[in-house]
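Summary of the model geometry
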Amino acid sequence: MLTKRIIPCLDVKDNRVVKGVNFLNLRDAGDPVELGAKYSDTGADELVFLDITATIRSRKTIVDMVERVAENVFIPFTVGGGVQSVAQIDELLRSGAEKVSVNTAAVQNADLIAEAAQRFGNQCVVLAIDARRSKTRPGHWQVCVKAGSEPTDIDVVEWARRGEQLGAGEILLTSMDADGTLAGYDNELNRAVSDAVNIPVIASGGAGNLDHLYDAVVEGGADAVLMASITHFGNYTITEIKEHLRDRGLPMNL
Amino acid sequence: MVVVIDYNVGNVKSVCNAFRHIGCEAELSRDPAKIGRASGLVLPGVAAFGYAMEALGDAAEPVKQAVAAGKPILGICVGHQLLFDQSLEYGPHKGLGLVRGNVVPIPPEQTIPHMGWNLVEFPEDMDMELFSGLGSAKHFYFAHSYQAEVSDEQAHIAYTDYGSPLTAAVQKGNIFGVQFHPEKSGKQGLRLLHNFYDLCNRKASC
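A short tour of the structure in this document, coming up. (Residues numbered from 1 in each chain as written. Chains lettered and ligands numbered in written order. Predicted model: local features only at pLDDT ≥ 70, side-chain atom pairs only at ≥ 80, totals over all residues. Heavy atoms only, no water.)

1. Notes on the overall build of chain B
When helices and strands are tallied, chain B shows six helices and 13 strands. In summary, chain B has a C-alpha radius of gyration of 15 Å against a globular reference of 17 Å for 206 residues, a match within 12%. Principal-axis analysis of the C-alpha atoms places the extent of chain B at approximately 45 × 40 × 30 Å. Buried positions account for 59% of the 206 residues belonging to chain B. Look at the contacts in chain B between residues 6 or more apart in sequence, and 72% of them connect residues 24 or more apart. In the structure as shown, chain B presents an accessible area of about 8100 Å², 50% of it carried by carbon and sulfur atoms. (Helix = DSSP H or I, 4+ residues; strand = E, 2+ residues; numbered from the N terminus. Rg over C-alpha atoms; globule rule 2.2 N^0.38 Å. Buried < 20%, exposed > 50% of the residue type's maximum accessible area, 1.4 Å probe, protein only. Contact = heavy atoms within 4.5 Å. Areas by Shrake-Rupley, 256 points an atom, 1.4 Å probe, with all protein chains shown as cover.)

2. Structural notes on the packing of helix α6 (residues 156–166) of chain A against helix α7 (residues 187–196) of chain A
Residues and elements named next belong to chain A. Axis separation between α6 and α7 bottoms out at 9 Å; the angle between their running directions is 35°. Relative to α7, α6 is oriented so that their crossing is right-handed. Side by side, α6 and α7 meet where V156, V157, A160, R161 and E164 of the first sit next to L189, A192, V193 and A196 of the second. Of the residues contributing to the contact of α6 with α7, the split by class is seven nonpolar, no polar and two charged. (Axes fitted to C-alpha atoms, helices over the stretch in contact; angles between N-to-C directions. Left-handed = near helix turned anticlockwise from the far one by under 90°. Nonpolar A, V, L, I, M, F, W, Y, C, P; charged D, E, K, R; others polar.)

3. Focus: the packing of helix α3 (residues 86–95) of chain A against helix α5 (residues 111–120) of chain A
Residues and elements named next belong to chain A. Running from amino to carboxyl end, α3 crosses α5 at an angle of 40°, the nearest separation of the two axes being 10 Å. When the axis of α3 is compared with that of α5, the two are oblique. Helix-helix and strand crossings are classified by hand; for α3 and α5 the assignment is right-handed. On α5, the residues that touch V86, I89, D90 and L93 of α3 are L112, E115, A116, R119 and F120. Classifying every residue of the contact of α3 with α5 gives six nonpolar, no polar and three charged. (Parallel < 35°, antiparallel > 145°, perpendicular 65-115°, else oblique.)

4. Some remarks on α6 of chain A
Those residues of α6 of chain A lying buried are V156, V157, W159, A160, G163 and L166 of chain A. Looking one or two places after α6 of chain A, you find G167 of chain A, whose phi comes out positive at around 120°.

5. Some words on unusual backbone geometry
All names here are of chain B. Residue P92 follows G91 across a cis peptide bond; omega there is 15°. Looking along the chain, the bond that leaves I112 and enters P113 is cis, with omega of 0°. Its place among the elements puts P113 in the loop between β7 (101–105) and β8 (114–121).

6. Here we look at the sheet that holds strand β11 (residues 156–162) of chain B
Backbone hydrogen bonds hold the strands of a sheet together, and the pairing may be parallel or antiparallel. Residue and element names in this part refer to chain B. Pairing in this open sheet of nine strands is mixed, and the strands run β2-β1-β3-β4-β13-β12-β11-β8-β9 from one edge to the other. Both outer strands of the open sheet, β2 (26–29) and β9 (139–144), are each paired with one neighbouring strand and no more. The sheet shows a mean angle of 30° between the axes of neighbouring strands, direction not considered. Strand direction decides the pairing type here: strand β4 (residues 73–76) and strand β13 (residues 175–178), joined by four bridges, are parallel. (Pairing = 2+ DSSP bridges.)

7. Section: the packing of aromatic side chains
Centre distance and the angle of the planes are the two values used to describe a pair of aromatic rings. All names here are of chain B. Tallying each qualifying case throughout the model produces six aromatic pairs over all chains. Where F140 meets F180, the ring centres are 4.1 Å apart and the plane angle is 20°; that geometry is what we call stacked. Here F140 is found in strand β9, whereas its partner F180 is found in the loop between β13 and α6 (186–205), with 40 residues between them in sequence. The exposure class assigned to F140 is buried, which follows from its relative accessible area of 0%. Taking the relative accessible area as the measure of exposure, F180 reaches 0% and is therefore buried. The rings of F140, F142 and F180 are connected pair by pair, giving a single aromatic cluster. (Phe/Tyr/Trp six-rings, centres within 6.5 Å; stacked < 30°, edge-to-face > 60°.)

In structure tokens:
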């Protein structure tokens, strides 16, 4: 049986790891390569690096970073943020990433998912969705693009389903309402999406304590949990997280 | 010196990075002379089987000869699958035929690919030199859609449970294959690579 995965997420801006609340008020959390290596050594199952600067100028910086990460990190890692084209995905995979996540560019051009999946395999393509609770349609969420700054009319559950059909191998689902609040994941959202697709869903946004992680798996139906604040700032070690979840009955790589 | 076979497939660099990280000398090469002198060989691989076999090309013969002469070899993922007779992936395609068996699709009842960390159970008759010192945690990182169906009576097989048992590792004398990615399996994976390196050096100095 596959274990449930614990995935620290490193938001990278100007070559530093940062973490904010609701995508704002960024706080420095260290060097991406050093922090990545530390997580790799201490038992994380995977890592996600998101370039939140995502400007043309930052692209080269990210490729350099991915190469250095690959020399020091011996677990699978995903890279995303501002990825626009199959050529960029190719470059990131060649630099050492296992998977690449796409977000805004896939919303603008859904064929990007299909092209990337056909060329590199579904397992390399992660569809990242930034979701915000709809104010007008209760029980629904809107897809937001451009680092969450721009809401669209697209329904999150429908978009996830479409992403799977196009060939995405995984959904990285971030609740913008919960992100950085430490108040728990949006498990209604996680459950709605995980019930709608057969590919793994990574729950993201809101982890504040160990029971939140358990709830994302059990209530939300997530296959993996993403976290940042609670591990970057030393509140919990990966081992503490995994022991807690194992003791509550979840299959863990421990 | 372990030689990592250089053929144009993904993860060749990751395997070299991993050996460097644990202080083991490994060289990336497809030169028959270097393959002949190596203490052991690693055949990595992320690609479709047919593409990988074609990319291996004229390096296949020196690899087969070295293995026949008793040199240890470790196949990883598609490199592990190449050890067998043939694969049905976009196939059939012929493999190296070092271990009897075919590479077939994972049963479709589960999500494909089989991707993530899974527990590997090692049988008692397996040479545990490669897998020693791993403690109770024998989880490794997998990412594959095909698996080896082993028919070789001399081969020992370790399995992982994914609804049905999948071949996770195979060993036949000096031939080792792992379906998972040790270079991406954290500490356990690095330990396995170190074990292989030590095993090669011991055999070479005998």
